[in-house]
Every structure is written in structure tokens, then in C-alpha cells.
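The primary structure of each chain is shown beneath.
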Amino acid sequence: MRQTDRHFKFDWITIVLFFMLAGFGWLNILSASHTGEIIDYLSFTEFYGKQLIFIILSVVLIILMLSIDAKFYERFSSVIYFASLLSLVGLFIFGKSINGATSWYDLGGMTLQPSEFAKAATALAVAKYVSDLQTDIRQFKHQIRIFIIIVIPAFLILLQKDAGSTLVYGAFFFVLYREGLPKIYLIIGSLLIGLAICALKFGVVITMFISAIIVFGYYFSKKKKPSFIQPIITLTIALLISFLVRFTYDTLLPFHQKDRITIWLSLEKDAAKLEQMKKKAAYNLLESEKAISAGGWKGKGFMEGTRTTGKFVPEQHTDYIFTTVGEEWGFIGSFAVVLVFVLLILRILHLAELQKSQFSRVYGYSVGAILFIHFLINIGMVMGLIPTIGIPLPLFSYGGSGLWGFTILVFIFVKLDSNRINEW
Amino acid sequence: MRQFLLFISVILVGIIFTVRLFYLQVYNSDADSILNDNAIRKVYDYPKRGFVYDRNGKLLVANQPSYDVMVIPREVEPLDTLEFCRLLKIDKERFDKQLKKAKHYSWRLPSPFVSHLSKEDYAVLQEKMRKFTGFHIQKRSLRQYETTIGANVLGDIGEVNNRDIANDPYYKMGDLMGKQGVEKSYDTILRGRKGIKFIQKDRFNRNIGPYKEGTLDTVPEQGKDIKITIDSELQAYGEWLMQNKRGGIIAIEPGTGEILAMIAAPTYNPNDLVGRKRSKNYTKLYNDSIAKPLFNRSLQGVYSPGSPFKLMNALIALQEGVVTTNEKIACKNGYNYGNRHMGCHCGSGLRDMSLGIQKSCNAYFATVYRRILEKADNSREGIEVWSNHAKSFGLGNFLNNDLAVGQKGRIPDKAYYQRAYPERFYSTYTISNAIGQGEVLTTPIQLANMIAAIANRGFYYTPHIVKAIEGETLPENFTKPKYTTIDKEHFEPVIEGMLEVYKKGTASSLQVEGIDICGKTGTVENFMKIDSVKTQLTDHSIFVAFAPKDNPKIALAVFVENGYFGSRFAGKIASLMIEKYVNKTITRKDLEKWLLTHSLENEYAKPYSGEPFQINRGSQYQVIPMEDVIDLPEEAKTKLQR
């Protein structure tokens, strides 16, 4: 088992992978944000300078967090959760808008984004509630309570027009499923997503036709046939949902979001029009795909990316940082980043499974799931696999709040994990 | 099972991402190379094109700045077409056409959109260029001709076409290259090497600085100046004399092989083929299929050499020992062979070699020619011997010189007649070769070279147009003498005969006081198909000469289409050219005036008139008043007054 020396109880694999990503991320921010000669790596007026300071400060934060007693997090999880909710509510009064989202506190010279910290707080609250001896996740009553815990911060964030960060809370579905949420949620969830995409892509009529085949096929394959009314109801619900989806897409959705979906699913039949649309609405996506593509096998080399230097991809140092990797480090570098992310997430999930305390396990699982959603949406988006959704790439994208948010998220777990031996 | 959902999802997403990365970066990669990276602007820095000077250092061709509007189709954004067209002075139709053409060439490489803007248009446009994304202005240098003469010598430069680009990747769309004349044959020397500046752009198409601190940029290499062998004064004078006539003149310095003058008539002003008016004017010249101003008659005109070729037969006969200089051969108003007769205008009598040349006696040369062929066992071997001697003068093949165009001409040999007469072959079959009419074909430059070899008494230098290239030595091909197969001593009797041509013979009216000119007239029958009927036209007037007899300074061949007797047009021109070059003054003003006031345009119009016409003696000369004569070009004037 573990050595008794306290320093070696921490999972060094996680820590190394974490810093590999943060370090490599910083190099890419340096490349994406520098203009002209680099004079001061700690310059407080340049993104790369600030990010380096954030990284250094995050080391301080890590030391602080690892020195706090592991039990503290479990004991104070509710307090932390409510404090986090308060910080989110406070935004409605004191918040500052950047790019249309009111997600920041202006602290004079620097900004703080509470939603980045809310993820860790929610994970703690979920872990606390699920690990409670009285909680039975199979009961609908408890499901509702957990749902409320998750939805409150998500809803607050959505109100601040930060749709991307809201989606992250979907990560908890994986956690709850792991902890025993009935399968039916997974099935219904998958069916709903399938239904929505089908309705958008092929229209309501074809969708209903396909649904009917599936529903009646299922119905007649059963030996003991339930009431005939069941498939009819199912189909009616499916019809309603299809209409709702179309209606939302056609009338409710803001133009820019509608365009993103149109491009993602190639809903526009006229190829020339679609191309034109891509050029306008999906300028970022087009440039980001081109930049990644321009890298080829080996990339153009560190600080040699002409599209990066020319700032062809907007927001490249934040949400689109992966394009810098693509252009300058090529397939080899991009693959390495994907690989390290996968390894980090798998490592965390593996450690979570090893936990003896349910609190630690649920929390660890949450950490893995949250990282996974970020990874999936961000890289999927810059490569055009997923409609454009603004969400940072953990440890890579520029931003102090984001970096510290993930630092806290991951290192609470590192601390919990180190305490595994003391658990019973 | 439950714990695997996320595990599997993570691994699955990792794999999907890897596949997508592979697709984007490797399989369907649009990897940038520095030349097609659209974040890097390539700015070409065109070097100065080398200047062209004449043999006396007179500047003939210099440069002038020109501005082209270039387009990179894939960077073009919607623009105010109307305003843009107005600024460029083009219409919408042209706009669409040019854009389509550019797209056809390349979406990402610049193509010329509108070439050669005037300085005024450029000044206005430059201010507004910012508004038209995807378009930029490229500065180039155009030719500035400091002269109105020598269009056929100097040539011109024009935009490269797709084939040129395929042949030499150095060229990019819109580049200029030599298309004719010296510009073509010395293009790589004159053009230098363009430099490239790589500039980092941002997404608003603005320059943000040199790419990699400019370490990959190349500095343009200046084009080298060249000095050509042409004497612009002589060239101008010759072009002036050739007005209203068609034909060619080649004058060579026998001691070096340098081409002193290369005149092709009709000609045009080289300035007509500069800049925006080039394509219009070029098409006009190109479409003139009757006068063919772009056809360099002095290099490409393949004609029967006529009587000047008798000199060659005389030399071969002496070399082969089939005749002595003193042997007298009888002319009975022509030459009878078998039951046929070849006429002669020399007036019958006994002819030795000198007299034969002087009077251009057909019978004398027919006799001599047959002896050459019959010396060997059979005439097939004889014709081969004869052919090899003639070829050693540079006839019947390309001269391998530095001129952009040329023709082989024809000196028939054994193999040639083997095809024509596979069964039997007698010397009489080819008797016309004796007087330069039959199968023998030459270009004026070949004939001039032959005369240069005679003037040198047995060798020649490959005629060439370049005298000096900045910082380079001339190729050995131009500086090493090429020896003919005729021994030196055989030339003197022939040259004596040529001198007699001037003193007492067919060119006695063309003497120039103080210069011993050796010459030979030629009058060449020629035919044309009119409505598929072979019709004879007025004879071509030919004259070859060199002067002075000792230490010759100039050898030339003059060819005037349909000018009738050799002495009538060609001979007069030859005499004047020699006087002009050797003495720098003209005493035979009478010849000059006659030439300038006599036009052959009516002669050239005959075959196209659709009416029956008379030739040779039946022709009426078209006399034009002196007032209508074009002024002597500036180039020739300056020195005449001095």
C-alpha cells in the first residue's frame, strides 16, 4: 500500500498530468497572444504574462488546499455550496458584462467568474447529498432533491447568458447514473436527443414515421402485450416533442444559435448558401478548422503558426486555444493533448472507483465527468463536430477564474484521495 | 456495468477526436507551405530589367514604371463593383470576365486584374485600394524604347501565358517575359531574378510585419545590361530605305560575325507594343497576314538564293579542280543539255570565271556545276560532295546563334535526291541548283554569312546579336572561327569576279567612289498560288556584297521582294548601306532619292487585286512624291549632319 511519508500519498500521476496540460496550455497562450517581442514573461498587460501569474498563484492555492484537512471539504460542503450560490446571485447586482454574459465580478484590474468555482461547489454538494446514509437515489423524492441541487446553479448561470457553462452541469448525469440512477433516465435521455436531432434534420413527418416503426416494432415483439393505448401515448408525446423542437428552432432560438445548428447539421440544402453561411455565421469555426488543418503532420512549430500570429482565429487564446495546438504542433501535438486529457480523466475516474468513502467517490466521479464535458464540447466544437458553444478548454484556455476553478476542483479530489487510507 | 458508461464514453470521444484530427490534419490536410499560406502575403520585388545598348553604346531600351491591379480570388469580399469599375475605367462585363479568368488560374495566387495603369489612375486608386479586399497593386517595370527603330531586333516583352508558367515555374501569372527578338533570346539575363518579401497578415488582411523577421526574404537580383551588335545608325538608315518595300537586310561584320543591321520590312514602332496598348496593337500586327510585319524576313524568309549562289558553285568547282580560273567556256545564249535549254542574259560569248561572275552567265555555271557532280563515279556521290561544301558555309541548317527565330533553308544532298529520284539520277536533273534556283533555299542571314565567309577568305564567325553582357564573357561559339571546306587560295579569283561586277558588270551603275565593293546581283523567279493556279510574280531583287575588298568591314545580303533585277532595288540599297557604314556619308544621293520615291506597294497588291496583271518588264513603278517620304529616323540623322 501507500508509503507512510505524507508527501507521497498524493497521486502524482494526476498532478503531473495536470501540470503538463497547464504548462503546455501556457505555451500556446504565449504563442496566441504575443505581439512582437516578448520582453517580460510576467507582464501584467499581456495575456501570457497574466496567465503565468495565475499558474504561479494556483500553485500557492494547491499547497493551501492540500494542507487543509480532508474532512473539511465534506463537513463544509453545504456552506461552500450556499456561498457559491450567493456569489452567483450577487452577479445580478454587482456583475459585469463581457461578451454579453454577466458572469464576472470586477475586482479593480482583474475579474472573477464565480461560475467557474460553482462547479466544484456543486460537486461537493452532490457528493455530500448522495453519500448521505439516508439518501436512496432510486427514490424519486431524492432524485428530485438532487436535481434541484444541480439545477439551481445551472439556472442562475443560464440567466447570466452563459449557456456553455450551464451545459457542464449535464456532467452530473454520469455521476448519478454511476450511483444508481435508474436506467430509464439514460434511455429516455438518449431517445430525446435522437428524436430532437431527427426532427431537425429530417422534419416532423419522417421522424414520426421512424418513431412509429420503432414503437410498434417494440410493442409487437413483446410476448405479453400491454394495453394498446401505451404506444399511442408514446407516439403522441414524441410528436409533441418533435413539434416543440422544430418550433424552438424555427422561432424561439436567437439567430446566431440557429445558424450554428443549421451549419452543424447541414440543414441548409443549397450548398452555396451553406458555404456563405459558414463564412459569415461560422467564421470562427471556418478559421479554426483551417488553422488546425494547416498544421499537417508536424505543425508549423512553436511560435511559427502564421494564422496564429495573424490572429486569424478570434478568441484564440480562450475558447479556441486548441487551434494553436493544431496549427503549431500538428497532428502529433494535438493527438498528445487529446491523449493527456483522456489519461487525466481516466486516472481520476479510476481513483474515484478506488475510494472507500462514497463522498470521495462521488466527488471524484464528478470531477472526471466535468472535465470530460469541457473536453468534449470544447475540442468537439473547434473541430466542427459539435455546434459552437462557448466553453473553455480546462487548463488550456486563458483565464484566472477558470484555471483556479479547475485547480480547486481537481485538488480537492487529490486531497480526498490522499486521505483514502484513513477512511474505513 | 454502471461504472463503465463514463469510462467508455471518455475513450470513445478520445478515439473520435483522434480520427477527426487525422482527417483534418493528415488525410484532408490543407497544410500551408510558405507560398500558399494565406496568412502570408507574398510581395514580389521586381528587379530592374537590363538595358539594351547598341554597339556604340547608344541606349536603345530602358524601363518605365507600371502599375497592375492584382486579385486573389479567394480573398475577394463583396465590394462596390460600380465604383471599382469606374476607378479602373472598365465595365462590369470586363470585371466579371477578369475575375473568372483569375479564378480559373488560381483561387489563392494573385492574377492580374487590370494591367498597366497610368500614373494618374494609380494615384487615385491607391487611396481607395483599402476598400477592395482581395485586390492589390503590383508595381512592375515596363519597357521604354528610346528609339523608333529595330522592332524586329529588340523584340518586346509581354505577360506570360499558362504554357510559359508550366515551362518555367519562376514565372507567376502577370509576370512579363521576352516574347520576341533580343528580349526573348536574352530574357533570363535581362530579367534578373525577382525578390520575394514574406509579410505576415492578420485576419483583416493588414500587414503586421515581416514573416520570421524577413529571414526568408530574397533580394531581387538586378537584370544585366546588354550591348547588342547592331549599329543603330545603319539600322535606322536601312529601315528608312526599305520603306514601301518588303524584304530583309542583314549586314555582318566579317571579322567578328557581329550583326550590324538586321532589317525586316515592313516594320513597326517598338513603342506600339508597350503596356496597355500592346494586346490591341499586337493583334493588329499579327492579323496582317499579307504584309506580315511580325515575320522577320531577314531571318525567317526562305527564298531561292538566285545568282549569288553561283559564287558558291565557283568556289566548289575550284576546290574540286574541275575548272581553272582561265578556262573559257562558251555561252550560246544559254546552256543546252539533252534536248533542253537554259536561257542566259549575258549576251553570249566565251567566259572565264571572272567574266562568268561579272556577267552572271548561266551557261558557265551550268557547265561547272555538272562537272562537280560528274567528277565522282556517279552524280549521287557528286551531289553529296557539292552539298557538304555548301553546308560548310552554314547553309542548309540553323546557324545556332542567339536570335529568337530562324529557318534551316535547304541544301539538297544525296539522301534528299534519293527520295526525289529513287530510280535514276543525272546531274542535269538538278541543273537549276547551278544558278541558285532549283531546290536550294536560303534565308538572307545565311546568304550574308556566306558572303562574310567569302570576305574572310574561308571562315566565318557564327552571326550573333550580342556584343557584350554585363560581367560575362561571350560563348565560344561566337568567338571561334568556323572554317569552310574551301581552301583560301580559291577565294581570290571569285572575289576578283565580284569586284568586276561593280566595275563593269551587273552593278556597274552602283559604284561608290573610294570603296572597292565586291558584290553579286540576283534576280529570283518566284511563284504564288492565286485561286489554286500557280502564277509567276515579279522576280525578287537580291544583292550580296562586302566591302572594302581588302580588310572587309561589312558583308551584307539584301532581299527585296518582287523588286525585279538585283541591281534595281537590292543593289542600290546595298551600295548605300556600304557607303553609309564605311564612309559615314552618302554621296550617291541619286540612288537614295530613287529608292525613297519608288514604292513596290502596287506590286504587292497585284495578286490580291483579282485582276490579271503583268510582271517583271511589264510592271509600272509606283512613284511617290518626295513630300510623302517618311523622314529619316533621328538615329541616322545625328551622325549624318556631323
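Bear in mind that the values here come from a model prediction, so they are computed numbers and not experimental data.

**Some details on the overall build of chain B**
Part 1 of the argument: From N to C terminus, chain B includes 23 helices and 24 strands.
Part 2 of the argument: Of all 642 residues assigned to chain B, the portion counted as buried reaches 46%.
Part 3 of the argument: By sequence separation, contacts in chain B at least 24 residues apart represent 73% of the contacts at least 6 residues apart.

**Notes on the overall build of chain A**
Part 1 of the argument: Looking only at helices and strands, one finds 17 helices and three strands in chain A.
Part 2 of the argument: Looking at the 424 residues of chain A, the share that counts as buried comes to 44%.
Part 3 of the argument: In chain A, the share of contacts with a sequence separation of at least 24, taken over all contacts with a separation of at least 6, comes to 69%.

**A word on the pairing of strand 3 (residues 59-71) of chain B**
Residues and elements named next belong to chain B.
Part 1 of the argument: Here two bridges tie strand 2 (residues 52-53) to strand 3, and the two strands are oriented antiparallel to one another. Pairing of Val-52 across the sheet is with Val-61, part of strand 3.
Part 2 of the argument: Turn length for the strand 2-strand 3 hairpin, with the two strands adjacent in sequence and antiparallel, is five residues, and the turn residue Gly-57 shows positive phi of about 85°.
Part 3 of the argument: As paired strands, strand 3 and strand 4 (residues 111-117) are joined by four bridges and run antiparallel to one another. Counterpart to Val-71 in the pairing with strand 4 is Ser-111.

**A closer look at the sheet that holds strand 3 (residues 111-112) of chain A**
All names here are of chain A.
Part 1 of the argument: Spatial ordering of the open sheet is given by 1-2-3, a layout of three strands whose pairing is antiparallel. Each end of this open sheet is capped by a strand with a single partner; those strands are strand 1 (96-98) and strand 3.
Part 2 of the argument: Two strands pair when backbone bridges link them, and strand 1 and strand 2 (residues 101-106) are joined in this way by two bridges, in the antiparallel orientation. Bridge pairing in strand 2 places Lys-96 opposite Trp-104.

**With respect to the sheet that holds strand 20 (residues 518-530) of chain B**
Residues and elements named next belong to chain B.
Part 1 of the argument: Pairing is antiparallel in the open sheet, where five strands are placed in the order 12-11-22-21-20. In this open sheet, the two edge strands, each paired with only one partner strand, are strand 12 (258-265) and strand 20. Taking the axes of each pair of neighbouring strands and ignoring which way they run, one obtains an average angle of 10° across the sheet.
Part 2 of the argument: By the bridge criterion, 12 bridges tie strand 20 to strand 21 (residues 533-547) in an arrangement that is antiparallel. Each bridged residue has a counterpart across the sheet, and for Gly-519 the counterpart in strand 21 is Ala-545.

**Points about the nonpolar core**
Part 1 of the argument: Within the largest apolar cluster, 127 residues are counted, with the highest numbers of intra-cluster contacts made by Ala-251, Ala-448, Ile-451, Ala-545, Leu-556, Val-558 and Met-577 of chain B.
Part 2 of the argument: Among the domains, domain 1 (40-228) and domain 2 (232-641) of chain B are the pair contributing at least three residues each to this core.
Part 3 of the argument: Contacts of Ala-545 of chain B, omitting those with residues within four sequence positions, involve Ile-451, Ile-517, Cys-518, Gly-519, Leu-556, Ala-574 and Ile-578 of chain B.
Part 4 of the argument: Residues Phe-172, Phe-322 and Ile-412 of chain A together with Ala-39 of chain B belong to the second largest nonpolar core, which totals 106 residues.

**Thoughts on the packing of helix 16 (residues 358-382) of chain A against helix 1 (residues 4-27) of chain B**
Part 1 of the argument: Viewed as axis vectors pointing N to C, helix 16 of chain A and helix 1 of chain B meet at an angle of 25°, and their least axial separation amounts to 11 Å. If you check the angle between helix 16 of chain A and helix 1 of chain B, you find them roughly parallel. The two elements helix 16 of chain A and helix 1 of chain B cross, and the hand of that crossing is left-handed. Side by side, helix 16 of chain A and helix 1 of chain B meet where Gly-368, Ala-369, Phe-372, Leu-376 and Ile-379 of chain A of the first sit next to Leu-6, Ser-9, Val-10, Val-13 and Phe-17 of chain B of the second.
Part 2 of the argument: Partitioned by chemical class, the residues of the contact of helix 16 of chain A with helix 1 of chain B number eight nonpolar, two polar and no charged.

**A few points about the confidence of the model for chain A**
Part 1 of the argument: Summarising the model, chain A shows a mean pLDDT of 86, and 96% of its residues fall at 70 or more.
Part 2 of the argument: Below pLDDT 50 for its whole length, residues 1-5 of chain A participates in four contacts with residues either more than four positions away or in separate chains.

**Re the interface of chain B and chain A**
Part 1 of the argument: Taken together, the contacts link 32 residues of chain B with 35 residues of chain A.
Part 2 of the argument: Of all the secondary structure elements, the ones that give two or more residues to the side of chain B that touches chain A are helix 1 and strand 8 (195-201) of chain B.
Part 3 of the argument: Grouping the amino acids of the side of chain B that touches chain A by side-chain chemistry returns 16 nonpolar, eight polar and eight charged.

**Details of the environment of Pro-112 of chain B**
Residue and element names in this part refer to chain B.
Part 1 of the argument: With respect to the helices, strands and loops of the structure, Pro-112 is situated in strand 4.
Part 2 of the argument: C-beta crowding within 10 Å serves as the criterion here: with 21 such atoms nearby, Pro-112 is assigned to the buried category.
Part 3 of the argument: Pro-112 sits 24 residues away from His-136 along the chain, and the two C-alpha atoms are 9.6 Å apart.
Part 4 of the argument: Residues within four places of Pro-112 in sequence aside, it is in contact with Asp-68, Met-70, Glu-159, Met-173 and Gly-174.

**Considering the confidence of the model for chain B**
Part 1 of the argument: Summary statistics for chain B give a mean pLDDT of 87 and a share of 98% for residues scoring 70 or more.
Part 2 of the argument: For this predicted complex, the interface score ipTM comes out at 0.91, alongside a pTM of 0.66.

**Considering unusual backbone geometry**
Part 1 of the argument: Geometrically, the link from Ala-265 of chain B to Pro-266 of chain B is a cis peptide bond, its omega value of 0° lying close to zero.
Part 2 of the argument: Along the polypeptide, Pro-266 of chain B turns up in the loop between strand 12 and helix 10 (278-287).
Part 3 of the argument: Residue Pro-548 of chain B follows Ala-547 of chain B across a cis peptide bond; omega there is -15°.
Part 4 of the argument: Examined against the element boundaries, Pro-548 of chain B turns out to sit in the loop between strand 21 and strand 22 (554-560).
Part 5 of the argument: With a phi angle near 70°, Leu-395 of chain A is a residue other than glycine that sits in the positive phi range.
Part 6 of the argument: As for its position among the elements, Leu-395 of chain A is in the loop between helix 16 and helix 17 (400-418).
Part 7 of the argument: Exposure remark for Leu-395 of chain A: the 28 C-beta atoms within 10 Å place this residue in the buried category.
Part 8 of the argument: In this structure, Arg-457 of chain B is a non-glycine residue whose phi angle is positive, near 60°.
Part 9 of the argument: Mapping Arg-457 of chain B onto the fold places it in the loop between helix 17 (444-455) and strand 17 (459-460).
Part 10 of the argument: Classification of Arg-457 of chain B by C-beta neighbours within 10 Å gives partly exposed; the count is 18.

**Focus: helix 9 (residues 232-241) of chain B**
Part 1 of the argument: Judged by how many residues are buried, helix 9 of chain B sits mostly within the fold: 10 of 10 residues are covered.
Part 2 of the argument: Taken as a whole, helix 9 of chain B has its buried residues at Ser-232, Glu-233, Leu-234, Gln-235, Ala-236, Tyr-237, Gly-238, Glu-239, Trp-240 and Leu-241 of chain B.

**Side note on the environment of Leu-274 of chain A**
Residue and element names in this part refer to chain A.
Part 1 of the argument: With respect to the element layout, Leu-274 can be found in helix 12 (residues 271-280).
Part 2 of the argument: With 16 C-beta atoms counted inside 10 Å, the residue Leu-274 sits in the partly exposed group.
Part 3 of the argument: Along the primary structure Leu-274 and Ile-263 are separated by 11 residues, whereas in three dimensions their C-alpha atoms are 7.1 Å apart.
Part 4 of the argument: Sequence-distant contacts of Leu-274, that is, excluding residues within four places in its chain, are made with Ser-266 and Glu-268.

**Some remarks on the environment of Trp-329 of chain A**
Part 1 of the argument: The topology assignment puts Trp-329 of chain A in helix 15 (residues 321-354).
Part 2 of the argument: In this structure the C-alpha to C-alpha distance between Trp-329 of chain A and Asn-28 of chain A, which are 301 residues apart in sequence, comes to 9.7 Å.

Rules behind the numbers
- Residues numbered from 1 in each chain as written.
- Chains lettered and ligands numbered in written order.
- Predicted model: local features only at pLDDT ≥ 70, side-chain atom pairs only at ≥ 80, totals over all residues.
- Helix = DSSP H or I, 4+ residues; strand = E, 2+ residues; numbered from the N terminus.
- Buried ≥ 20, exposed ≤ 12 C-beta atoms within 10 Å, placed from the backbone.
- Contact = placed C-beta atoms within 7 Å.
- Pairing = 2+ DSSP bridges.
- Axes fitted to C-alpha atoms, helices over the stretch in contact; angles between N-to-C directions.
- Core = buried A, V, L, I, M, F, W, Y, C linked by C-beta atoms within 7 Å.
- Domains from an automatic or database assignment.
- Parallel < 35°, antiparallel > 145°, perpendicular 65-115°, else oblique.
- Left-handed = near helix turned anticlockwise from the far one by under 90°.
- Nonpolar A, V, L, I, M, F, W, Y, C, P; charged D, E, K, R; others polar.
- pLDDT = per-residue confidence, 0-100.

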